[in-house]
Amino acid sequence: MRWCGDLALFVFAVVTSVSVSAQAPTTPVALSADLARYYFKTPADEVAARAELNAALAEMSRFKGQLNSAHQLLGVLRQYDTVQKFFAKHEGYLHLRCSQNRKDAACDDDKALESDVDAKTAFLAPEILSISEDRLRAFLSEEPALADYRFALSDIRRDRPHLLPEAEQSLLDQFQPQIGDWQYDLYEQVVAGISFGTVQTASGALDVVRQRNLIAADPEGHVREEGFKRRYAGFASQRDLLAFALIQTIRAQNLLAKAHHYADAPARKYDSLYCKPEETRSLLDSMAQHGDIAKRYEKVRSLDIESGYHQPAHAWDMSAPAPGLTPPITSLPDARNVFHEAFAGIGKEYQAEFDALLDPANGRADILPGGALNRYGGGFSIGFNGGTSILFFGRYDGTFKDLSVIAHEGGHAVHRQLMAANGVSPSYAQGPSFLFESFAAFNELLLADFMAEHATTPDLKRYYRERWMSIKGLDAFYGAQDALLEQTIYDRVAAGSIRNADDLDSLTSKIDGQFSQFPASNPELRTRWATVSLMYEDPLYDVNYVYGGLLALKYYDLYTTRREWFVPRYIALLKNGFNQPPAELLHQFLGIDLSGPALLNDDLKLLNRRLDQLEANPTGK
């Protein structure tokens, strides 16, 4: 889920859809999630059900200091699966309630519950590490059922140099909200207090933040410019407080990393993804060296603007439609049909799962046209082993960007459901986030292609081809732009060379200039760091979009060139779960080398071919 308010989201925000009306539906149709059906009937029932979770935690604690046999080791691992299952149900429920109303008490309960569960299960890893290699091999030989946990055990033991004694880890877990969570709370409160205002358009006033996709695609240049400048001016008005929150986030994350015997927070994050820190840093440098590919797309769009509107192109013009082209708006009922057709190529099983997700009768989607006060505007999915996944999208305006978000977050929900149906245990239902992101991003590429293939005019066809490129085709590079910026901020905060908002402005302009032509001519963009909310909410997550974006392009290449070979293997990978390191899973199922140079080189060839087509067909014919 990517909801940082970065340049890629604003400059390349898009608005369109399939052959439907050019105006928003007069009677918006919402989809409501049936939490009572799939999770808990009432908030009081959820609180009461925590007794079951606490009982599972108490049962697990009985194994503390008692892992003296293969039977006991199997018992604690199975009990931990039970704890994870119960916790995921509560955590998903609270997270969705909090997103429906950011002032709900569920927001505080969610963080407190996670901290409590982490603290009470902190003994598991140190106790497993205390088992010698010889004894563990004997346990595996004595108890065949332990084979199901072989990778889970190796994953824990892989982390041996970085695990703390139980008492220390438990204490850190208890104080996690006070150590590393308050900064995002501060960020949210500061941003919520900014008066960004509205922009007047031909169809009425639009909210600068909540309706920025509509503003960015308005045919009137002054609307796009005002929306762009108002948004950045709003963030700049609180840049000192936002800089304080970010720098404190980084100091806390670096201290936590060092406490776990890592060089720094980036090394800890990259290692958690099964990526060697030095290789990830090298990849980000390589992406920056190839940043001209993103600039090349900006030049394509700039030529479109200059030839269509007879004026110079600016950062705020990148999502402007062709003159006379009014991007269509899609109602939610029509969107269901779009997704049904767009995902037909992945096979009937996947198609049926996506259909079921959006079927109003199933109550598995919470999507509100127009959004609501205090409602989270982004999207995500929840799900747990043995349960039913649910999709949330806070504000639906019928734009193509909205469709793309549903394709992405719905992809996460379908993936969770496929794993649950295949009986993947809680121990293997979670894995490196970049794999999750790659599966979801692939959906967005398929959606954009489908829209282009069914466009009714050359201009509309070109519009969708450009959306393929700007929303997901270049996502690995926009992810690298954010990930490199964040990594460099961490390095420089640690070195003492970043101390305030001015320092952050200067660094942002330097990093962004490697990926975009606009920082030099649009001074507002120097404050872009403040719009990247993910740096506060989920520190160092953006690197997942680099690997995920590269993999999504590779899936697309295989899908378009070897579909019959690719699709069954891809679905098998989705169902499998994460019982091996990511590189081994990708090689086993799809023959992809995650760390070799071929992945980036093949993707660059694909992107350059698509850019060649855009440059050769400026009218969209």
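Preceding this paragraph is the structure being described.
Keep in mind the model is a prediction, meaning the values are calculated, not measured.

Here is what the cut-offs are and how they apply
- Residues numbered from 1 in each chain as written.
- Predicted model: local features only at pLDDT ≥ 70, side-chain atom pairs only at ≥ 80, totals over all residues.
- Heavy atoms only, no water.
- Helix = DSSP H or I, 4+ residues; strand = E, 2+ residues; numbered from the N terminus.
- Rg over C-alpha atoms; globule rule 2.2 N^0.38 Å.
- Buried < 20%, exposed > 50% of the residue type's maximum accessible area, 1.4 Å probe, protein only.
- Contact = heavy atoms within 4.5 Å.
- Lys, Arg positive; Asp, Glu negative; His and termini not counted.
- Charge placed at Lys NZ, Arg CZ, Asp CG, Glu CD.
- Axes fitted to C-alpha atoms, helices over the stretch in contact; angles between N-to-C directions.
- Parallel < 35°, antiparallel > 145°, perpendicular 65-115°, else oblique.
- Left-handed = near helix turned anticlockwise from the far one by under 90°.
- Nonpolar A, V, L, I, M, F, W, Y, C, P; charged D, E, K, R; others polar.
- Phe/Tyr/Trp six-rings, centres within 6.5 Å; stacked < 30°, edge-to-face > 60°.
- Lys NZ or Arg CZ within 6 Å of the ring centre and 35° of its normal.
- Salt bridge = Lys/Arg side-chain N within 4 Å of Asp/Glu carboxyl O.
- Pairing = 2+ DSSP bridges.
- Polar contact = N/O pair within 3.5 Å; in protein donor to acceptor, adjacent residues only side chain to side chain.
- Disulfide = S-S within 2.5 Å.

**Topic: the overall build of the protein chain**
Thinking step 1. Helix and strand content of the protein chain: 28 helices and five strands.
Thinking step 2. The C-alpha radius of gyration of the protein chain comes to 24 Å, within 12% of the 25 Å expected for a compact globule of 621 residues.
Thinking step 3. Dimensions of the protein chain, computed from the C-alpha atoms along their principal axes, are close to 80 × 55 × 50 Å.
Thinking step 4. Within the protein chain, the proportion of its 621 residues that are buried is 57%.
Thinking step 5. Taking all contacts inside the protein chain whose residues are at least 6 apart in sequence as the whole, residues at least 24 apart take part in 78%.
Thinking step 6. Measuring between centres, the 63 positive side-chain charges of the protein chain sit 2 Å from its 81 negative side-chain charges.

**Observations concerning the packing of helix H19 (residues 400-421) against helix H21 (residues 458-473)**
Thinking step 1. Packing of H19 against H21 leaves a shortest axis separation of 12 Å and a crossing angle of 55°. On the basis of their axis angle, the class for H19 and H21 is oblique. The two elements H19 and H21 meet at a crossing, and its hand is right-handed. Contact residues: Phe400, Lys401, Ser404 and His408 in H19; Tyr464, Arg467, Ile471 and Lys472 in H21.
Thinking step 2. Grouping the constituent residues of the contact of H19 with H21 by class yields three nonpolar, two polar and three charged.

**A look at the packing of aromatic side chains**
Thinking step 1. Scanning all chains against the criterion turns up 35 aromatic pairs.
Thinking step 2. Their ring planes at 40° and their centres at 6.3 Å tell us that phenylalanine 151 and tyrosine 428 sit as a pair that is tilted. Note that phenylalanine 151 is positioned in helix H8 (residues 150-158) and tyrosine 428 in the loop between H19 and helix H20 (433-453), a separation of 277 residues in sequence.
Thinking step 3. Note on tyrosine 428: relative accessible area 9%, which makes it buried.
Thinking step 4. For the ring pair tyrosine 376 and phenylalanine 392, a centre distance of 6.4 Å and an interplane angle of 10° mean the geometry is stacked. Taken together, the positions of tyrosine 376 in the loop between strand S3 (365-369) and strand S4 (379-382) and phenylalanine 392 in strand S5 (residues 390-396) put the pair 16 residues apart, joining distant regions of the chain.
Thinking step 5. Taking the relative accessible area as the measure of exposure, phenylalanine 392 reaches 0% and is therefore buried.
Thinking step 6. Members of the aromatic cluster, joined through ring pairs, are Phe439, Phe442, Tyr555, Tyr559, Phe566 and Tyr570.
Thinking step 7. Of note, arginine 158 hangs over the ring of tyrosine 274, and the distance from its end group to the ring centre comes to 3.8 Å.
Thinking step 8. It is arginine 467 that lies over the ring of tyrosine 463; its NZ or CZ is 4.3 Å from the centre.

**Examining the pattern of salt bridges**
Charged atoms that come close allow side chains of opposite charge to pair.
Thinking step 1. By the definition in use, this model includes 38 salt bridges.
Thinking step 2. We note a salt bridge from aspartate 109 to arginine 50, for which the minimum N-O separation is 3.4 Å. A residue pair is termed long-range when its members are at least 10 positions apart, and aspartate 109 in helix H5 (residues 106-120) and arginine 50 in helix H3 (residues 43-61) qualify at 59 residues.
Thinking step 3. The closest approach of N and O atoms between aspartate 317 and arginine 224, which form a salt bridge, is 2.9 Å. Of this pair, aspartate 317 sits in the loop between helix H16 (292-309) and helix H17 (332-342) while arginine 224 sits in helix H12 (residues 221-236), placing them 93 residues apart in sequence.
Thinking step 4. Among the charged side chains, a salt-bridge network with shared partners connects Arg239, Asp502, Asp505 and Arg526.

**Let's talk about the sheet that holds S3**
Thinking step 1. Strand order in this open sheet of three strands is S3-S5-S4, and the pairing throughout is mixed. Single-partner strands in this sheet number two, and they are S3 and S4. Direction aside, neighbouring strands of the sheet carry axes that sit 10° apart on average.
Thinking step 2. Summarising the sheet, S3 and S5 pair through four bridges and their orientation is parallel. Across the sheet, the residue bridging to alanine 365 is leucine 391, located in S5.
Thinking step 3. Along the sheet, helix H4 (residues 70-100) makes contact with S3, S4 and S5, crossing S4 at roughly 155°.
Thinking step 4. Strand contacts of H19: S3, S4 and S5, with the helix running at about 165° to S5, the strand carrying the most contacts.

**Structural notes on the environment of glutamate 486**
Thinking step 1. Residue position: glutamate 486 is located in helix H22 (residues 475-495).
Thinking step 2. Here glutamate 486 falls in the buried class, since its relative accessible area comes to 2%.
Thinking step 3. In the structure, glutamate 486 is positioned 49 residues away from methionine 535 in sequence and 7.1 Å away in space, judged by C-alpha atoms.
Thinking step 4. Discounting chain neighbours no more than four positions away, the residues touching glutamate 486 are Met535, Pro539, Leu540, Tyr541 and Asp542.
Thinking step 5. A distance of 2.8 Å separates the side chain of glutamate 486 from the backbone nitrogen of leucine 540, its partner in a polar contact.

**Here's the deal with the state of the cysteines**
Thinking step 1. Taken as a whole and judged by the stated rule, the model has one disulfide.
Thinking step 2. Through a disulfide, cysteine 98 is tied to cysteine 107; the S-S separation comes to 2.0 Å. Handedness of the cysteine 98-cysteine 107 disulfide follows from its S-S torsion of about 100°: it is right-handed.
Thinking step 3. On the accessibility criterion, cysteine 107 (14% relative accessible area) is buried.

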